[in-house]
Amino acid sequence: MPSTLWTPLHAKIHRQIRSRQLFRRNQRLLVAVSGGQDSLCLIKLLLDLQPKWGWDLAVAHCDHRWRTDSQANAHHVENLAKTWGSQFYLQIAQEPLHSEAAARDWRYQALSAIAINHNFDCIVTGHTASDRAETVLYNLIRGTGADGLQSLTWQRPLTDGIVLVRPLLEVTRTQTAEFCQEFQLPIWEDSTNLDLKYARNRIRQELLPYLRSNFNPQVESALAQTAELLQAEVEYLEQAAYQLWQEAMTELSDSGDPPNPPNPPLLREGKGGWGLVALNRRVLQKAPLALQRRVMRYCLQQILQISPSFEQIEKLTALITAPNRSQTDPFPGGAYASVDGDWIYLRNFRL
Ligand SMILES: Nc1ncnc2c1ncn2[C@@H]1O[C@H](COP(=O)(O)OP(=O)(O)OP(=O)(O)O)[C@@H](O)[C@H]1O
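For clarity, every value in this text was computed on a predicted model and none was experimentally measured.

How each quantity is defined
Each chain has its residues counted from 1, running along the sequence as written. In keeping with the predicted nature of the model, local features appear solely for residues at pLDDT of at least 70, side-chain atom pairs appear and are counted solely at 80 or more, and the whole-chain, interface and lining totals rest on all residues. With hydrogens and water set aside, each side-chain value is computed from the structure's full complement of heavy atoms. Helix and strand definitions follow DSSP, with helices as H or I runs of at least four residues and strands as E runs of at least two, each counted in order from the N terminus. Pairs of residues are marked as contacts when any of their non-hydrogen atoms sit within 4.5 Å. For the purpose of counting charges, residues Lys and Arg are taken to be positive, whereas Asp and Glu are taken to be negative. His and the chain ends are not included. Lysine's charge is taken at NZ, arginine's at CZ, aspartate's at CG and glutamate's at CD. A molecule or strand has a residue near it when one of that residue's heavy atoms lies within 4 Å. Polar contacts, as counted here, are pairs of nitrogen or oxygen atoms within 3.5 Å of one another; within protein the pair requires one atom able to donate a hydrogen and one able to accept it, and residues that are adjacent in sequence qualify only if both atoms are side-chain atoms. Using the Shrake-Rupley algorithm and a 1.4 Å probe, accessible areas are obtained, with residue cover drawn only from the displayed protein chains. UniProt positions are given in the numbering used here, feature names are shortened, and annotations may be inferred rather than shown by experiment. Between rings of Phe, Tyr and Trp, where Trp is taken as its six-membered ring, a pair exists when centres lie within 6.5 Å; planes separated by under 30 degrees are stacked, by over 60 edge-to-face, and by other angles tilted. Accessible area is worked out with a 1.4 Å probe on protein chains only. A residue is then buried under 20% of its type maximum, exposed over 50%, and partly exposed in between. Over a ring means this: the NZ of a Lys or the CZ of an Arg is within 6 Å of the ring centre and within 35 degrees of the ring normal. Orientation is described by axes fitted as lines to C-alpha atoms, over the contacting stretch for helices, and by angles from 0 to 180 degrees between their N-to-C directions. Here roughly perpendicular refers to angles of 65 to 115 degrees, roughly parallel to angles under 35, roughly antiparallel to angles over 145, and oblique to all remaining angles. Each crossing gets its handedness from the near helix: less than a right angle anticlockwise from the far helix is left-handed, clockwise is right-handed. In this classification, Asp, Glu, Lys and Arg are treated as charged, Ala, Val, Leu, Ile, Met, Phe, Trp, Tyr, Cys and Pro as nonpolar, and every other residue, Gly included, as polar. By definition, a salt bridge exists where a carboxyl oxygen of Asp or Glu is found within 4 Å of a side-chain nitrogen of Lys or Arg. Strand pairing is assigned whenever DSSP detects at least two bridges linking the two strands.

Enquirer: For this particular structure, what's the right way to read the overall build of the chain?
Expert: For the chain, the helix and strand inventory stands at 12 helices and 10 strands. Summarising its shape, the C-alpha atoms of the chain cover approximately 75 × 50 × 40 Å along the three principal directions. Partitioning the contacts of the chain with sequence separation of at least 6, the portion at a separation of at least 24 is 70%. Of the charged side chains in the chain, 36 are positive and 36 negative; the average position of the first set lies 1 Å away from that of the second.

Enquirer: Is there a simple way to think about the site of the ligand in this case?
Expert: Ala 32, Ser 34, Ser 39, Cys 62 and Gly 126 are the nearest of the 16 residues found near the ligand. Interatomic distance of 2.6 Å between a backbone N/O atom of Ala 32 and an oxygen atom of the ligand. Taken by itself the ligand offers 560 Å² of open surface, and the protein chains cover 87% of this. Put simply, the parts of the chain that give the shell around the ligand at least two residues each are helix H2 (37–53) and strand E2 (56–63).

Enquirer: Sorry, what's going on with the UniProt feature "domain: tRNA(Ile)-lysidine synthase substrate-binding" (unreviewed entry) in the chain here?
Expert: When the UniProt feature table is mapped to this numbering, "domain: tRNA(Ile)-lysidine synthase substrate-binding" (unreviewed entry) covers residues 279–328. Within the segment residues 279–328, helix and strand shares are 60% and 4% respectively, and the terminal C-alpha atoms sit 15 Å apart.

Enquirer: Teacher, can you tell me more about the UniProt feature "domain: tRNA(Ile)-lysidine/2-thiocytidine synthase N-terminal" (unreviewed entry) in the chain here?
Expert: What UniProt calls "domain: tRNA(Ile)-lysidine/2-thiocytidine synthase N-terminal" (unreviewed entry) maps, in this numbering, to residues 29–206. In this annotation, residues 29–206 is assigned 48% helix and 17% strand; the end-to-end C-alpha distance for the span is 35 Å.

Enquirer: Before we go on, may I ask you to explain the packing of aromatic side chains in this structure?
Expert: Two aromatic rings are characterised by how far apart their centres lie and by the angle between their planes. Across all of its chains, the model carries 8 aromatic pairs by this definition. Centroid distance Phe 179 to Phe 183: 4.7 Å. Interplanar angle 45°. Geometry classified as tilted. Using a relative accessible area of 3% as the deciding quantity, one classes Phe 179 as buried. Here the aromatic rings of Tyr 210 and Phe 215 are separated by 6.3 Å at their centres, their planes lie at 55°, and the arrangement is tilted. Members of the aromatic cluster, each reached through a chain of ring pairs, are Phe 23, Trp 53 and Trp 55. Sitting over the ring of Phe 120, Arg 28 keeps its end group 4.1 Å from the ring centre. Positioned above the aromatic ring of Trp 6 is the side chain of Lys 52, whose terminal nitrogen or guanidinium carbon lies 5.1 Å from the ring centre.

Enquirer: Help me understand the packing of helix H1 (residues 8–19) against H2 in this model?
Expert: Relative placement of two packed helices is described by the angle separating their axes and the distance separating the axes. Across the interface, H1 lies against H2 with an axial gap of 10 Å and an inter-helix angle of 70°. One finds that H1 runs roughly perpendicular with respect to H2. In this structure, the crossing between H1 and H2 has a hand that is right-handed. Between H1 and H2, the contacting residues are Leu 9, His 10, Ile 13, His 14, Ile 17 and Arg 18 on the first element and Cys 41, Leu 45, Leu 46, Asp 48, Leu 49, Lys 52 and Trp 53 on the second. Classifying every residue of the contact of H1 with H2 by side-chain character gives 8 nonpolar, 2 polar and 3 charged.

Enquirer: Looking at this structure, I do not really get the pattern of salt bridges. What am I missing?
Expert: Two side chains with opposite charge may pair up if their charged atoms get near one another. Under the defined criterion, the tally for this structure stands at 23 salt bridges. A salt bridge links Arg 173 to Glu 134, with the shortest nitrogen-to-oxygen separation between them at 2.9 Å. With Arg 173 in helix H7 (residues 173–182) and Glu 134 in helix H5 (residues 129–142), this residue pair connects regions lying 39 residues apart in the sequence. By relative accessible area, which is 15% here, Arg 173 ends up buried. On the basis of relative accessibility, which here comes to 1%, the residue Glu 134 falls in the buried class. For the salt bridge of Arg 325 with Asp 340, the shortest nitrogen-to-oxygen distance reads 3.7 Å. One end of the pair, Arg 325, is in the loop between helix H12 (310–318) and strand E9 (336–340); the other, Asp 340, is in strand E9, with 15 residues separating them in the sequence. Put simply, Asp 38, Asp 131, Glu 134, Arg 173, Arg 200 and Arg 204 are held in one network by salt bridges that share partners.

Enquirer: Would you mind going over the sheet that holds E2 with me for this structure?
Expert: Hydrogen bonds along the backbone pair up the strands of a sheet, which may run parallel or antiparallel. The mixed open sheet is built from 6 strands, whose spatial order is E3-E2-E1-E4-E6-E5. Looking at which strands have only one partner, the edges of the open sheet turn out to be strand E3 (87–92) and strand E5 (155–159). The average undirected angle you get between the axes of adjacent strands in this sheet is 30°. Judged from the 4 bridges that link them, E5 and strand E6 (residues 162–165) form a sheet pairing that is antiparallel. Bridged to Thr 159 within E6 is Ile 162.

Enquirer: What exactly am I supposed to notice about the environment of Tyr 345 here?
Expert: With respect to the secondary-structure elements, Tyr 345 resides in strand E10 (residues 343–347). For Tyr 345, a relative accessible area of 1% translates into the label buried. Between the alpha carbons of Tyr 345 and Leu 279 there is a distance of 6.6 Å; along the sequence they are 66 residues apart.

Right, here's the structure in full:
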């Protein structure tokens, strides 16, 4: 990289990394670079901050093979890595990936594989405040709760001791574009970003500009701020719900055995998950609805091995106050829940 000019953005990111403890000194960082403006801005900032922090930076690129220019894109990033003197790792999809969701899943697997094979415990991506705003809108429209709205977080565990870090979450796409222009970074334009058949592109190109001109010129930052606020609230709720879950399940030993079936284990683990969960209703009845729903979601996740729907969670939550002997309709796969006195039993007969 030609210039080591220190800009306000350098200072901001340096501060963020320190105050949020995103990275350690001398850490090995695997930076995911697509070649677009956000990840080029990211790698440039990290390369410039590198002397202060002593990081060992490497570049990873994933070729989804979904565009005719994807191989050329990969070469472009490889050449850039060479000019920066950085190690370069490439993963190529075995077959072309055409849906956004499939591409994302494969990309995280591919990045994790590089990290595991080459001893990195941290993968860094260039997600921005604009991505955060789009995610808030996208998930709001789909009807996810607070968890979906806050889902782009600064840090999240990916797999096997590898953490994903997103240091640009308070930087907008306008800012990354200006930064790339200032440093003349050679952006690889992704033609699919313009394709309006993808919901995300319609949010980016149609919905957000509409909201900006008709409701709030700062709508991106406002939505990103909403995600930031919700992140802390979801973290708090998760901790409280986890504690309640433990209490609802451990009450058994304090209050004697549940009536039926006699002496069941609280959790019986089968091949792919749990076969039986027993929850104490008296413990759950004292808790607020927000926590009751979360506990029921955990249980269904364990039993059904999928992310449960709103209706499924509501059905199970209703059993907390339902009359004795109440029962739910079967959940997918045949699992069902029933009330026996102070206890809710959730059974999955497949396990
Ligand atoms: N093909 C890829 N190879 C490596 N990393 C990628 C790739 N695609 C995306 N990423 C990483 O995921 C982040 C967010 O992905 P998104 O799909 O929003 O990428 P994008 O629109 O291509 O963004 P960017 O402008 O950073 O290229 C990127 O900033 C980058 O760090």
